[in-house]
Amino acid sequence: MIFDWNACCAVREIRELQGEAPLTLEGDGLWVGVLSSGRCLLAAAGQNAGSGASGDILLGRGGFTLQPATPCHLLCLRMEGLAVEEFLRGLPRPRFADSAACPNAAEQLARLCSAPAESDVPDPALGAAPYALLCALAHADEEARRLSPLVAEAVETIRNNYMALYGVEDLADALGVSKCHLVRTFSAEMGVSPGKYLTRTRLEAAKLLLLEREYNLEMIASLCGFSGANYLCRVFRREEGLSPIAWRDAAAPHAPAKHLPPRNNEMYV
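Quick caveat, the model's predicted, so the values are computed rather than measured.

**Details of the pattern of salt bridges**
Thought 1: A complete count under the given rule lists 13 salt bridges for this structure.
Thought 2: Note that E13 and R78 form a salt bridge whose closest N and O atoms lie 3.1 Å from each other. With E13 in strand β1 (residues 10-19) and R78 in strand β8 (residues 72-80), this residue pair connects regions lying 65 residues apart in the sequence.
Thought 3: Given a relative accessible area of 26%, E13 falls into the partly exposed group.
Thought 4: Overall, the relative accessible area of 11% leaves R78 in the buried class.
Thought 5: Note that R238 is salt-bridged to E239, the shortest N-O span being 3.1 Å.
Thought 6: Residue class for R238 comes out exposed when judged on its relative accessible area of 55%.
Thought 7: Beyond isolated ion pairs, a larger network of salt bridges with shared partners links R12, E13, R15, R78 and E80.

**Focus: the pairing of strand β4 (residues 39-44)**
Thought 1: Burial of β4 is one-sided: the residues C40, L42 and A44 facing one way are buried, the residues R39, L41 and A43 facing the other way are not.
Thought 2: Relative to strand β7 (residues 64-68), β4 is paired through 5 bridges, and the arrangement is antiparallel. Counted as the bridge partner of A44 is F64 from β7.

**Concerning the packing of helix α6 (residues 168-175) against helix α7 (residues 179-190)**
Thought 1: For the pair α6 and α7, interaxial distance at closest approach is 9 Å and the crossing angle is 95 degrees. On the basis of their axis angle, the class for α6 and α7 is roughly perpendicular. Facing α6, whose interface residues are V168, E169, L171, A172 and L175, α7 presents K179, L182 and V183.
Thought 2: Of the residues in the contact of α6 with α7, the class split is 6 nonpolar, no polar and 2 charged.

**Quick look at the sheet that holds β8**
Thought 1: Read from one edge of the open sheet, 5 strands run β1-β8-β3-β6-β9, paired in antiparallel fashion. In this open sheet, the two strands that pair with only one neighbour each are β1 and β9 (95-97). Neighbouring strand axes in the sheet, compared pairwise and without regard to direction, differ in orientation by 20 degrees on average.
Thought 2: Inspection of the sheet shows β1 paired to β8 by 9 bridges, in the antiparallel sense. For V11, the partnering residue across the bridge sits in β8 and is M79.
Thought 3: In the packing of helix α4 (residues 129-136) onto the sheet, the strands contacted are β1, β3 (30-37) and β8, and the crossing angle to β8 comes to about 115 degrees.

Thresholds, definitions, all that
- Residues numbered from 1 in each chain as written.
- Predicted model: local features only at pLDDT ≥ 70, side-chain atom pairs only at ≥ 80, totals over all residues.
- Heavy atoms only, no water.
- Salt bridge = Lys/Arg side-chain N within 4 Å of Asp/Glu carboxyl O.
- Helix = DSSP H or I, 4+ residues; strand = E, 2+ residues; numbered from the N terminus.
- Buried < 20%, exposed > 50% of the residue type's maximum accessible area, 1.4 Å probe, protein only.
- Pairing = 2+ DSSP bridges.
- Axes fitted to C-alpha atoms, helices over the stretch in contact; angles between N-to-C directions.
- Parallel < 35°, antiparallel > 145°, perpendicular 65-115°, else oblique.
- Contact = heavy atoms within 4.5 Å.
- Nonpolar A, V, L, I, M, F, W, Y, C, P; charged D, E, K, R; others polar.

Below is the structure:
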């Protein structure tokens, strides 16, 4: 073999935090995780090392503890290799990073966590995937963008309540401002409208549930704030260019099916 991906960057361990129990992450290499819900504190060497909110990316060398401040869900993996060690040279301490700096990292991490366990005959298509995730994290060390209090609160509200918000009008009412003012300010600072940001947040949540293969499309739509499976499929096709089922099968073709969504409607396929 001319190039050994396993020596460059390989996944060694996968862990999950769910609920309110703390989780300590040990081991060599880099821990990468996505905080998909809740708020979490990070402690390293017995000291507070910051906190993360729903949607943030966790990065750090093993030897730190995650303590949920609210009920949380976080999926993470540990990577080792020569490229990982080089990455860690620029990461002096564990931290939560703004996911806006590395927008594709959450999706790539979800794919890696859904891949089959190592076997005697490794899939060569999966060899470069951990390195691709590392590349996606290249800008994660950038400082979080400076947001005005209104936009910061809007982002947090969307991340924590995307399943219950009816739309931008509902968001504006919750923040006590007019819809026009919210759209103008949010779009100027975030580069997308609050409606677009809400849709993207819902789709990312739907993707994670699709990879689990435990829920049908009606349940996923309900959990992610869509009015029904047909509307979820319509939005998914518009934004991703694929139906939810086609996207899932392409993203995790080897993941074992648990309870497959129904296929009796063409829009689901």
